Amino acid sequence: MVSDENPSEVVEGVVKWFDPAKGFGFVVVAGQESDVLLHANALRNFGLSSVCDGAKIRLVMQRTARGLQTLEVLEVQPPETETENGSLADPRLSAEVDRSIPLEPARVKWFDKVKGFGFANVFGKPSDVFIHMETLRRSGLAELQAGEAIAVRVIDGERGRMAVSIEPWEASLTEPARAERDSEET
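Computed from a prediction, not measured in an experiment: that's the story for all the values here. (Residues numbered from 1 in each chain as written. Predicted model: local features only at pLDDT ≥ 70, side-chain atom pairs only at ≥ 80, totals over all residues. Heavy atoms only, no water.)

The biggest cluster of nonpolar side chains holds 38 residues, and the ones touching the most others in it are Ile131, Leu144 and Ile150. At four residues, the largest contribution of residues to this core is made by helix H1 (residues 40-46). (Core = buried A, V, L, I, M, F, W, Y, C linked by side-chain atoms within 4.5 Å. Buried < 20%, exposed > 50% of the residue type's maximum accessible area, 1.4 Å probe, protein only. Helix = DSSP H or I, 4+ residues; strand = E, 2+ residues; numbered from the N terminus.)

Here the focus is the pairing of strand E6 (residues 103-112). Note that E6 and strand E9 (residues 149-157) share five bridges and pair antiparallel. Residue pairing across strands places Leu103 opposite Arg153, the latter belonging to E9. Across six bridges, the pairing between E6 and strand E7 (residues 117-122) is antiparallel. Its bridge partner being in E7, Asp112 is matched across the sheet by Phe117. Turn length for the E6-E7 hairpin, with the two strands adjacent in sequence and antiparallel, is four residues, and the turn residue Gly116 shows positive phi of about 90 degrees. (Pairing = 2+ DSSP bridges.)

What follows is about the packing of aromatic side chains. The relative placement of two aromatic rings is captured by the distance of their centres and the angle of their planes. Going through the model one piece at a time under the given rule, you end up with eight aromatic pairs. When the centroid spacing of 6.0 Å and the interplanar angle of 85 degrees are considered together, the rings of Phe24 and Phe26 count as edge-to-face. Judged by relative accessible area, Phe24 falls into the partly exposed class, the value being 27%. Residue class for Phe26 comes out partly exposed when judged on its relative accessible area of 24%. A centroid spacing of 5.7 Å and a plane angle of 70 degrees characterise the contact between Phe119 and Phe130, whose relative ring orientation is edge-to-face. With Phe119 in strand E7 and Phe130 in strand E8 (residues 128-132), the pair connects residues that are eleven residues apart, well separated along the chain. Relative accessible area serves as the criterion here: at 23%, Phe119 is assigned to the partly exposed category. Cluster of aromatic residues (ring-pair linked, three or more members): Trp110, Phe117, Phe119 and Phe130. (Phe/Tyr/Trp six-rings, centres within 6.5 Å; stacked < 30°, edge-to-face > 60°.)

A few words on the pattern of salt bridges. Overall, the coordinates contain nine salt bridges when judged by the stated rule. Note that Arg58 is salt-bridged to Glu75, the shortest N-O span being 3.4 Å. In this pair, Arg58 sits in strand E4 (residues 56-64) while Glu75 sits in strand E5 (residues 67-77), placing the two residues 17 residues apart along the sequence. Between Glu167 and Arg153 there is a salt bridge whose closest N-O contact spans 3.4 Å. In this pair, Glu167 sits in strand E10 (residues 160-168) while Arg153 sits in strand E9, placing the two residues 14 residues apart along the sequence. Accessibility classification places Glu167 together with Arg153 in one group, the buried group. When salt bridges that share partners are traced, they join Arg99, Arg153 and Glu167 into one network. (Salt bridge = Lys/Arg side-chain N within 4 Å of Asp/Glu carboxyl O.)

Moving on, we get to the pairing of strand E3 (residues 36-39). What you see with E3 is a clean split: Val36 and Leu38 sit on the buried side and Leu37 and His39 on the side with no burial. With four bridges connecting them, strand E2 (residues 24-28) and E3 associate as antiparallel partners. By the bridge assignment, Gly25 is partnered in E3 with Leu38.

And the structure:
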């Protein structure tokens, strides 16, 4: 609850670290005396279960007796760095995401952070979608949980369908409405 003596403020920062197992992490915001607590519930309310270190984040923050805390996550963007060796895992996984590829609602079948990949099922489609760890990082995420609802942009790869970006599940619901509005305006 926001009170008049502790007003909320929209800020932008960088995720210092986030541990899904602990259920929290911290965001560094320029000009603030301390880091901002990012609780898993604020992230879940945004539609994600994790966020990777270095991801840019826009959030609503409030000062409390326990320090700065996130009230609401508004936007998550991937870090600006590439993989450790400086290249992407697959040449088709370019740093720029083709926004003309439609978002599809999906559910994570399984994801193994150690192996660096996993699979999701797109609603209404029989084939699995391959998800590479690099795609996760470029989407600003650290990991996925089995059963988690997500939205994916998918291309046909050499071995089948593969995700090129991952967003909160709700994005797949709002994108068609946005596209319909855009077509009506032209």
